Amino acid sequence: MFDLSGRKALVTGATGGLGGAIARALHGQGAHVAISGTRREALEALAGELGERVHVVEANLSDTAAVEALVPAAEAALGGLDVLVNNAGITRDNLFLRMKDEEWDSVIAVNLTAAFRLSRAAVKGMMKRRYGRIVNVGSVVGATGNAGQGNYAAAKAGLVGLTKALAAEVASRKITVNCIAPGFITSPMTDVLNEKQREGILATVPMGRLGEGSEVAAAAVYLASDEAAYVTGHTLHVNGGMAMF
Amino acid sequence: MSDIADRVKKIVVDHLGVEPEKVTPNANFIDDLGADSLDTVELVMAFEEEFNVEIPDDAAETIQTVGDAIKFLEKNSG
């Protein structure tokens with residue numbers, strides 16, 4: 001089950017905690033992976049760790065031209081593209097009343113618009129090949145909201161709508177589009193929390209602990225697999241029970 | 001029929017799985033050949049590939065019949 005041998009996958013934001021875990025997990029199931037991110041050294045280090053079947057495709061997703069070039073570059077490196085994981089994300093938290101246009105725009109650009117552009121580019125080849133898996137990495141706050149994250153919550157909720165609309169359009173071409181909504185996961189994004197914030201968060205998680213990147217990556221493996229062929233337009237919550245839908 | 005017309009016809013038959021006799025110049029992809037809107041996008045992509053041309057979105061919107069496609073490609077390819 002969940003064998004990805006021969007599948008070709010692009011993971012954005014692969015230098016982040018989640019993206020790295022997703023790239024490792026897809027690779028571990030046999031996929032060829034193209035890893036994308038902004039920090040070349042970190043990408044090279046991950047590529048070195050994975051060894052074979054890995055390609056580095058550097059891209060800064062806040063740069064429109066870089067976004068447009070990414071899928072063609074990954075397709076060229078991999079010889080096609082079966083799985084796109086839109087994982088790259090940034091935060092620019094601020095209270096709504098204080099939020100600058102730039103903070104809003106940059107989060108929407110990287111977390112939502114880049115996913116739109118990359119999916120649009122990837123679907124073209126997937127339609128021709130009559131096979132595709134798009135996995136968008138959302139967030140629990142896209143469903144629940146979160147004070148101080150108006151931009152981030154809007155982008156992540158936007159991904160859910162994008163996922164459903166695209167899923168409906170391309171289902172007849174054997175392409176599935178799904179979303180994973182992680183809760184609080186151990187990563188550089190949650191490492192910055194202080195002890196009090198941490199305790200406050202854990203009080204809301206029935207499982208009583210933060211999640212691990214590998215636990216989110218396992219959901220990505222499933223949604224990327226042949227076995228998930230009949231699952232589309234879905235948002236899979238991986239959050240230790242902190243929000244139940 | 002010209003060479004271009006034959007190639008267009010073959011793409012339409014292959015893609016939409018329709019009887020070759022139905023693929024006449026006047027046949028409308030959606031109304032007569034059962035295509036949906038995504039099929040028409042795929043047909044345009046297939047024409048682009050076969051004839052090595054780029055069909056801009058505004059031109060693609062005007063290609064609604066087999067004859068429209070042949071006419072456009074006769075004018076713009078090769």
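Residues numbered from 1 in each chain as written. Chains lettered and ligands numbered in written order. Predicted model: local features only at pLDDT ≥ 70, side-chain atom pairs only at ≥ 80, totals over all residues. Heavy atoms only, no water.

By the naming in an unreviewed UniProt entry, chain B goes by Acyl carrier protein and is assigned to Methylobacterium variabile. The UniProt entry for chain B carries the following text under Sequence similarities (unreviewed entry): "Belongs to the acyl carrier protein (ACP) family." (UniProt positions renumbered as here; feature names shortened; annotations may be inferred.)

Looking at an unreviewed UniProt entry, one finds chain A named 3-oxoacyl-[acyl-carrier-protein] reductase and attributed to Methylobacterium variabile. UniProt annotates chain A under Subunit (unreviewed entry) with the comment "Homotetramer." Per UniProt, chain A carries the Sequence similarities (unreviewed entry) text "Belongs to the short-chain dehydrogenases/reductases (SDR) family."

Chemist: Even after reading the chapter, I still don't get the UniProt feature "modified residue: O-(pantetheine 4'-phosphoryl)serine" (unreviewed entry) in chain B, so can you show me in this structure?
Modeler: UniProt marks Ser37(B) with the feature "modified residue: O-(pantetheine 4'-phosphoryl)serine" (unreviewed entry), using the numbering shown here. Accessibility expressed as a relative area gives 55% for Ser37(B), which makes it exposed. (Buried < 20%, exposed > 50% of the residue type's maximum accessible area, 1.4 Å probe, protein only.)

Chemist: Just to check I follow, could you spell out the interface of chain B and chain A for this structure?
Modeler: Interface size is commonly expressed as the accessible surface area that is lost when the partners come together. Listed per partner, the contact involves 8 residues of chain B and 8 residues of chain A. Across the chain B/chain A interface, buried area totals approximately 640 Å², and carbon plus sulfur atoms make up 54% of it. Looking only at chain B, the three residues that lose the most surface to chain A are Leu38(B), Glu42(B) and Met45(B), adding up to 73% of its buried area. Put simply, Glu42(B) and Arg173(A) hold a salt bridge, and the shortest N to O gap is 2.7 Å. In this assembly, chain B and chain A are joined by 4 residue pairs in polar contact (both at pLDDT 80 or more). Tallying contributions element by element places helix 2 (residues 37–51) of chain B first for the side of chain B that touches chain A, with 6 residues. Residues that form the side of chain B that touches chain A fall into these classes: 2 nonpolar, 1 polar and 5 charged. (Contact = heavy atoms within 4.5 Å. Buried area = accessible area lost by both parts, 1.4 Å probe. Salt bridge = Lys/Arg side-chain N within 4 Å of Asp/Glu carboxyl O. Polar contact = N/O pair within 3.5 Å; in protein donor to acceptor, adjacent residues only side chain to side chain. Helix = DSSP H or I, 4+ residues; strand = E, 2+ residues; numbered from the N terminus. Nonpolar A, V, L, I, M, F, W, Y, C, P; charged D, E, K, R; others polar.)

Chemist: I'm lost on the pairing of strand 6 (residues 175–182) of chain A in this one. Help?
Modeler: When a strand is regular, its side chains alternate between the sheet's two faces. Residue and element names in this part refer to chain A. For strand 6, the buried fraction is high: 8 of the 8 residues fall into the buried class. Because side chains alternate across strand 6, one face comprises the buried residues Ile175, Val177, Cys179 and Ala181, and the other comprises Thr176, Asn178, Ile180 and Pro182, equally buried. Bridging between strand 5 (residues 132–137) and strand 6 involves 6 bridges; their strand directions are parallel. If you follow glycine 132 over to strand 6, its bridge partner there is isoleucine 175. By the bridge criterion, 4 bridges tie strand 6 to strand 7 (residues 235–238) in an arrangement that is parallel. For proline 182, the partnering residue across the bridge sits in strand 7 and is valine 238. (Pairing = 2+ DSSP bridges.)

Chemist: When you look at the side chain of Asp82(A) in this model, what are you seeing that I'm missing?
Modeler: In this fold, Asp82(A) is placed in the loop between helix 3 (64–78) and strand 4 (83–86). With residues up to four places along the chain from it excluded, the contact list for Asp82(A) reads Gly6(A), Arg7(A), Lys8(A), Met126(A), Arg129(A), Tyr131(A), Gly132(A) and Arg133(A).

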